[in-house]
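Remarks on the overall topology
In case you want the letters, here they are:
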Amino acid sequence: RPNQYKGLSKSLLLPQARILAQRTGPYGALAVLESPRVPLRYAPGLSLGYALEPPVQLGLYTDGDALSVIVRDDGTACARDWLGEMTSALPYRMHAPLHTPDSVLVLGAGGGLDVLQALQLGAGRVDAVELDPQRMRLVRDRYSAYSGGLYRDRRVHTHVTEPRAFVRASRARYDLIVLGGGDSFASSGAGVQAASEQYALTVEAMRDYLHKLTPAGMVVVTRWNKQPPRDELKLFATAIEALREEGVRQPASHLAAIRNWDASTWVIARQPLSAPALAALRTFIDEQGFDPVHVPGYRMPAADRFHMLDPPTLFDGVDALLSPKARGFVRDYQFEIEPATDDRPYFSHFFRWRSLPELWRLREQGSAVLMDSGYLLLVAALVQAVPIALLLVLLPLGALRPRPGDQVDRSALPSRWRAGAYFLALGLAFLFVEIATLSRLTLLVGHPLLAVNAGLAAFLLCAGLGSGQAQRWLEHGDSVSGDAVSDAAIAMKIRWAVRAIAFGLLWQFAVFYIAFAYAAAWPMWARALLGLAGIAPLAFAMGMPFPLGLARLARTAPAFVPWAWGINGCASVISAITALLLAIAFGLRATLLIALALYVFAAWVWRAGRETRADQYRSTGSTSSDQRTLRASGKA
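The structure displayed is predicted, hence computed values, not measured ones. (Residues numbered from 1 in each chain as written. Predicted model: local features only at pLDDT ≥ 70, side-chain atom pairs only at ≥ 80, totals over all residues. Heavy atoms only, no water.)

Concerning the overall build of the protein
Just so we agree on the cut-off: Secondary structure is summarised from DSSP: a helix means a run of H or I of at least four residues, a strand means a run of E of at least two, and numbering begins at the N terminus for each. Only protein chains enter the accessibility calculation, which uses a 1.4 Å probe; a residue whose area is less than 20% of its type maximum is buried, one above 50% is exposed, and one in between is partly exposed. Residue contacts are counted whenever heavy atoms from the two residues lie within 4.5 Å of one another. In short, Shrake-Rupley with a 1.4 Å probe defines the accessible areas, and a residue's cover is counted only from the protein chains shown.
On a plain count of helices and strands, the protein comes out with 22 helices and twelve strands. When the 636 residues of the protein are sorted by exposure, 54% land in the buried category. Considering only contacts within the protein whose residues lie at least 6 apart along the sequence, 73% involve residues at least 24 apart. Surface summary for the protein: the accessible area is close to 28,000 Å², and the carbon and sulfur share equals 59%.

Below, the structure is given as structure tokens:
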């Protein structure tokens, strides 16, 4: 059942509202809602001057939120004329003085609203890209008659794939690329997606889109308005950075933006906007009663003529981002609006600690929704996990102390703190590498489910093979003398494993860089295999330090082996949360380098000292009991 505050729960409170169809799958739980008594009329950015009613719609919810609509289309003009009076119609009007956009790419087609708008406003061909096949089938098959056969129109070509991957692999050129909106106002406002990768809204993604445009082509994004503005400014900053990386010295001439009371539309053009296009823009906003946010070479006496903002933070922010003081503005702004990149693809992360006291103080006045709950929930989970983990790690030490009267050779005992730090570092580092690599693999493969499943399988398989190799080495011992492996030899092997991890990390960086640059058009399975080739050497080396450390501990203090397992397990829980926080703060590559530093620390903190008495005993011949302990630790 969805949370009572989600959009689906609220819509079900309408009289006679009911769910017509439900689908569950790896991309979420879908629900199609009908409200005949109070019809849904979803039209972001619709002009207040539009006097008629938009047609009836079905609500298509994902996980109880992220509303997309299926518009009822009976083929009449009145069923479609409203589509030309939304802010998202801006690029079509700007194209009109030259030619109607013939080819349109819709990324994130959802229920088909953006596709329907493109057809209504003259597109000759529309490529509709949707990640979830169940959502595509609902619109194309079950509700085909309701939507007027939208996805069966001969001008519409549907593609079930990840949007960014489609763009990178496509050789077509488009007059218009539309980034469909999938976030609800509530979820995006509360920062629910703060820890989710959004590779479609990074600087590198914008550059990919620009490369797929015709000379007069445009990228268009429509976002919900928020006060104070967050994602609108972050989107604008991302577009500016992408244009500058493309060699554009005056990005302001390539950008345009307008707003209504509830939504804003942002246009990024491949070439400087022409005079006819700008004239059409000004005519459009005057006719529909929209406010200009940014129009090159044109400054209204009062930018918020119709929809007043107090203070006008959005207009001031846009001007600041285009000024020489842009870096200072981004640094000092109360929300995180640094452009998202493929290394930090968390577009919906806006949280800044310095804003928390003020937001908390004003929470009962409506600011609670601005506190980025997604990020704070991660922090809260970490705050709970750390003390619990410490408790579970430290309490067993009392039970593991030698009992009075036991004969203990303390010279053979390892330092508990050094051994504990070793297994703690391994638990943290392994998950850091795994989580950061899976995120990068998602971008390479272009399909999140395939990337996660293949990546996890590769890590488990290759790390298991590495552990098996460590076990064989431990069991064989000295191939010349037949003696058991000494403590110093195990410590040396651990150092070599860490060197292999460093090499594997460099190998992954090289393979992924080459794949991003040259393999974008390869089939998905080929990109997945290439990604696995980048993971395998690293995962193999990562599988060795843990069994080597267990074997070393089992030689001198077998009672501490379960304790080491517990430390590693607690560290794995903590690291799963910490890895996300590090990636959000510093980036995926930095998270991988931090993991490498932890492996180096592990090899250093429990380094070999002088040969222990246990080693001296084994050099003269070990008992069968000793050998069984060694084999058990190697298998672990």
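Some words on unusual backbone geometry
Excluding glycine, most residues fall at negative phi; most peptide bonds, likewise, are trans. Of the consecutive residues Gln 227 and Pro 228, the connecting peptide bond is found in the cis state with omega at -10°. In this structure, Gln 16 takes a positive phi of about 70° despite not being glycine. Within the element layout of this structure, Gln 16 appears in the loop between helix H1 (7-11) and strand S1 (18-25). When its relative accessible area of 51% is taken as the criterion, Gln 16 is described as exposed. The phi dihedral of Asp 63 falls on the positive side, at around 55°, and the residue is not glycine. Looking at the secondary structure, you find Asp 63 in the loop between strand S3 (57-62) and strand S4 (65-71).

A few points about the confidence of the model for the protein
Convention followed: Every residue carries a pLDDT, the predictor's confidence in it, which falls somewhere between 0 and 100.
Per-chain confidence: the protein averages 84 in pLDDT, with 86% of residues scoring 70 or above. Contacts of residues 184-189 to residues separated by more than four positions or lying in other chains number 15 contacts, the stretch itself having pLDDT below 50. pLDDT under 50 marks residues 610-636. Its contacts with residues more than four places away, or in other chains, come to 37 contacts.

Here's the deal with the nonpolar core
The cut-off we apply is this: Among buried residues, those of type Ala, Val, Leu, Ile, Met, Phe, Trp, Tyr and Cys that are joined through side-chain atoms within 4.5 Å constitute a nonpolar core.
Ranked by internal contacts, the top residues of the largest apolar core, which has 85 residues, are Tyr 422, Phe 423, Met 542, Leu 553 and Tyr 599. Breaking this core down by element, the ones donating at least two residues are helix H13 (373-399), helix H14 (416-445), helix H15 (448-476), helix H16 (487-518), helix H17 (524-542), helix H18 (545-556), helix H19 (561-586) and helix H20 (588-605). The element best represented in this core is H14, accounting for 17 residues. Among residues more than four places away in sequence, those in contact with Tyr 422 are Ile 494, Pro 545, Phe 546, Gly 549, Ala 602, Val 605 and Trp 606. Among the nonpolar cores identified, the runner-up in size contains 60 residues, and Leu 58, Ala 109, Leu 150 and Ala 269 belong to it.

Section: empty space enclosed by the protein
For clarity, the threshold we go by: Here a cavity means grid points, on a 1 Å grid over the protein atoms only, where a 1.4 Å probe fits yet cannot get out; a pocket means an open set of points with protein on both sides within 12 Å along at least five of seven lines; lining residues are those with an atom within 4 Å of a point. Grid points are joined across faces, edges and corners, and a volume is the space filled by probe spheres set on the points. Residue polarity is assigned by list, with Asp, Glu, Lys and Arg as charged and Ala, Val, Leu, Ile, Met, Phe, Trp, Tyr, Cys and Pro as nonpolar; anything else, Gly included, falls into the polar class.
Under the defined criterion, the tally for this structure stands at six cavities of 30 Å³ or more. Lining the largest cavity, in full, are Lys 234, Glu 336, Glu 338, Pro 339, Ala 340, Arg 344, Tyr 346, His 349 and Ile 584. The class makeup of the residues in the lining of the largest cavity is four nonpolar, one polar and four charged. Roughly 60 Å³ of volume is contained in the second largest cavity. If you go around the second largest cavity, the residues you meet are Ala 165, Arg 168, Leu 443, Leu 444, Val 445, Gly 446, Ala 515, Phe 516, Ala 519, Ala 520 and Arg 527. Take the lining of the second largest cavity: its biggest share by element is three residues, from H14. Its residues assigned to classes, the lining of the second largest cavity comprises eight nonpolar, one polar and two charged.

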